Amino acid sequence: MQRDDGHWMRRALEQARHGTGRTAPNPPVGSVIVKDGVELGSGWHHGAGQPHAEREAMAAVRASHGAEALKGSTAYVTLEPCCTFGRTPPCTDGLIEAGVARVVYAAVDPNPAHAGRADAILASAGIQVTRGVLAEEAARLIRPFSKALLTGLPWVILKTAMSLDGRITRPPGEGMWLTGPEARAQVQQLRAECDAILTSGETVRRDRPRLDLREPSLLTGGRLQPWRVVLTRDAASLPRDAPLFNDAASHRTLVEERDAPESVLRRLVRERGVHSVFVECGGRLAAELLEAGLVDEWVAFLAPLLTGGPVPALAGTGVNRTLEEPVFARFGPDVMLRARVGEKLAG
């Protein structure tokens, strides 16, 4: 690994993050082209069927410096370049044809059928290959893609907003919001990371949530609203005048059986190309999903309130899980904890 490899890979990771929540069923990937210590161009994968990150970056170089500038350059990529035909041609071919001298990538392709194959293809064309630079950070970025590929289940993020006494509702007549506008703006960013938003029929009946992206900047580039999935045992009683059944994205609202959440999640991956699901629901469904081992991350917003309301954040029989890799942040008066849901605690 050369001295500046970490620096340029961080730039590639910055590019890759632009694609979070936009690229399923593909992973978010970023790339930077460097020559003589100067960045010539960069790019990220914008969505399935569109050019991969390496080709976006090379196109940027051609547009600004000409094709000759690519010869002898180094391509930094957050994921091993693809080596097979899909909806787009292999990136290994594009790198070879462009005359790139060195390829540095972070994470190995999680598909066992492809993992490491790019190394031999590029090396046989005389291209120097370095892999594993910031691999852990890059692998974290594509966790939803990897999980869906290897298990058939999406990466599930459970969001809860609660008072200091662990309640998710305020007393009657006090309004519905526990958290302030800064925290609610952050929820928009979190929704934008995911391909689908899941809730319960009870939440739809009680709160009539929109469960959409309302910040215009999150919908650029032809991005669609996330799928909205309602789990219920009584579809007939859902209020058909609720916003998610009547807005411009109503065709992306799905009503599914409450008693089979794992089957629903698997169908979202298989039939809708979903890799990540953001859950916003009441305490009972939240506990059921956690107890079933279906939640990968928990995001909790803690409001400086004591409400004494009747609805707890978790209403199950006992989750008994650790929280790992915790990150805390403050949004206005509210505190957010984001952590990965770990293994069960020993009994």
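Throughout this document, residue positions are counted from 1 along each chain, in the order its sequence is written. Given that this is a predicted model, residues contribute local features only at a pLDDT of at least 70 and side-chain atom pairs are listed and counted only at 80 or more, while totals for whole chains, interfaces and linings are drawn from all residues. Heavy atoms throughout the structure, all of them, feed into the side-chain values; hydrogens and water do not.

Asker: Before we move on, can you summarise the pattern of salt bridges with the specific residues and values?
Answerer: The salt bridge definition used is simple: a Lys or Arg side-chain nitrogen within 4 Å of an Asp or Glu carboxyl oxygen. The full count for this structure, using the stated rule, is 28 salt bridges. Note that glutamate 137 is salt-bridged to arginine 17, the shortest N-O span being 2.6 Å. Pair noted here: glutamate 137 is in helix H5 (residues 135-141) and arginine 17 is in helix H1 (residues 5-17), with a separation of 120 residues, a long-range link. Glutamate 137 gets classed as partly exposed once you look at its relative accessible area, which sits at 29%. Note that glutamate 324 and arginine 340 form a salt bridge whose closest N and O atoms lie 2.4 Å from each other. Linking glutamate 324 in strand S12 (residues 321-331) with arginine 340 in strand S13 (residues 334-344), this pair joins segments that are 16 residues apart in sequence. Exposure is judged per residue with a 1.4 Å probe applied to protein chains only, and the accessible area is read against the type maximum: over 50% gives exposed, under 20% gives buried, and values in between give partly exposed. Note on glutamate 324: relative accessible area 27%, which makes it partly exposed. Sharing partners across several salt bridges, the network here consists of Arg143, Glu193, Glu297, Glu324, Glu325, Arg338 and Arg340. Secondary structure is summarised from DSSP: a helix means a run of H or I of at least four residues, a strand means a run of E of at least two, and numbering begins at the N terminus for each.

Asker: Could you give an account of the packing of helix H3 (residues 91-98) against helix H4 (residues 117-124), naming the residues involved and the relevant values?
Answerer: Between N-to-C directions, angles span 0 to 180 degrees; the directions come from axes that are lines fitted to C-alpha atoms, helices contributing only their stretch in contact. Interaxial distance between H3 and H4 falls to 10 Å at its minimum, and their mutual angle equals 20°. Of the possible angle classes, the one that applies to H3 and H4 is roughly parallel. Here the hand of the crossing between H3 and H4 comes out right-handed. Here H3 contributes Thr92, Leu95 and Ile96 to the contact with H4, which in turn contributes Ala118, Ile121 and Leu122. Angular relationships are summarised with four words: roughly parallel below 35 degrees, roughly antiparallel beyond 145, roughly perpendicular across 65 to 115, and oblique for the angles in between. Crossing handedness is read from the near helix: turned anticlockwise from the far helix by less than a right angle, it gives a left-handed crossing, and turned clockwise, a right-handed one. Contacts between residues were defined by any pair of non-hydrogen atoms, one from each residue, lying within 4.5 Å.

Asker: So, unusual backbone geometry: which residues are in play, and what are the values?
Answerer: Look at the link from alanine 24 to proline 25: it is a cis peptide, with omega at 10°. Here proline 25 lies in the loop between H1 and strand S1 (30-35). Of note in this structure, aspartate 36 is not a glycine but carries a positive phi near 55°. Residue placement: aspartate 36 occurs in the loop between S1 and strand S2 (38-44). Note on aspartate 36: relative accessible area 72%, which makes it exposed. Phi at leucine 134 takes a positive value of approximately 55°, unusual for a residue other than glycine. Checked against the element boundaries, leucine 134 lands in the loop between strand S5 (128-131) and H5.

Asker: Lay out the environment of arginine 330 in plain terms, naming residues and giving numbers.
Answerer: Examined against the element boundaries, arginine 330 turns out to sit in strand S12. Classification of arginine 330 by relative accessible area gives exposed; the value is 65%. In sequence terms arginine 330 and leucine 231 are 99 residues apart; their C-alpha atoms lie 31 Å from each other. Residues adjacent in sequence count toward polar contacts only when both atoms are side-chain atoms; beyond that, a polar contact is any pair of N or O atoms within 3.5 Å, and within protein one must be able to donate a hydrogen and the other to accept it. A distance of 2.8 Å separates a polar side-chain atom of arginine 330 from the backbone oxygen of glycine 332.

Asker: Hey, could you go over a nonpolar patch on the surface for me, with residue numbers and the actual values?
Answerer: To count toward a patch, a residue needs a relative accessible area above 30% and no salt bridge. Like charges then connect within 9 Å, nonpolar side chains (Val, Leu, Ile, Met, Phe, Trp, Tyr) within 5 Å. Each accessible area is a Shrake-Rupley estimate made with a 1.4 Å probe; only the visible protein chains count as cover when residues are assessed. Together, Leu164, Leu302, Leu306, Phe328 and Val335 make up an exposed nonpolar region whose accessible area comes to about 510 Å². As for its position among the elements, leucine 302 is in strand S11 (residues 297-302).

Asker: So what about the pairing of strand S6 (residues 155-162)? Which residues, and what values?
Answerer: A large share of S6 lies buried, amounting to eight of its eight residues. In S6, alternate side chains face the same way, and those of Trp155, Ile157, Lys159 and Ala161 on one face and Val156, Leu158, Thr160 and Met162 on the other are all buried. Between any two strands, pairing holds if DSSP finds at least two bridges. Sheet analysis places S6 next to strand S10 (residues 276-280), joined by five bridges and oriented parallel. Bridging from a neighbouring strand, leucine 158 pairs with valine 279 of S10. The pairing of S6 with S11 spans six bridges and is classified as parallel. Its bridge partner being in S11, isoleucine 157 is matched across the sheet by glutamate 297.

Asker: Give me the side chain of arginine 338: which residues, what numbers.
Answerer: Within the secondary structure layout, arginine 338 lies in strand S13. Reaching out from arginine 338, the side chain makes a polar contact with the side chain of glutamate 297 at a distance of 2.8 Å. The residues contacting arginine 338, other than those within four sequence positions of it, are Ile157, Leu190, Glu193, Glu297, Trp298, Val299, Glu325, Pro326 and Val327.

Asker: Let's hear about the packing of helix H2 (residues 53-65) against H3: which residues, and what values?
Answerer: Working note: a packed helix pair is described by the angle between its axes plus the distance between those axes. Interaxial distance between H2 and H3 falls to 10 Å at its minimum, and their mutual angle equals 25°. The angle between H2 and H3 places the two elements in the roughly parallel class. In this structure, H2 meets H3 at a crossing whose hand is left-handed. Note on element contacts: H3 touches H2 through Cys91, Asp93, Gly94, Leu95 and Ala98, opposite Glu54, Arg55, Met58 and Arg62. Basically, the charged four are Asp, Glu, Lys and Arg, the nonpolar ten are Ala, Val, Leu, Ile, Met, Phe, Trp, Tyr, Cys and Pro, and anything else, Gly included, counts as polar. Taken together, the residues of the contact of H2 with H3 sort by class into four nonpolar, one polar and four charged.

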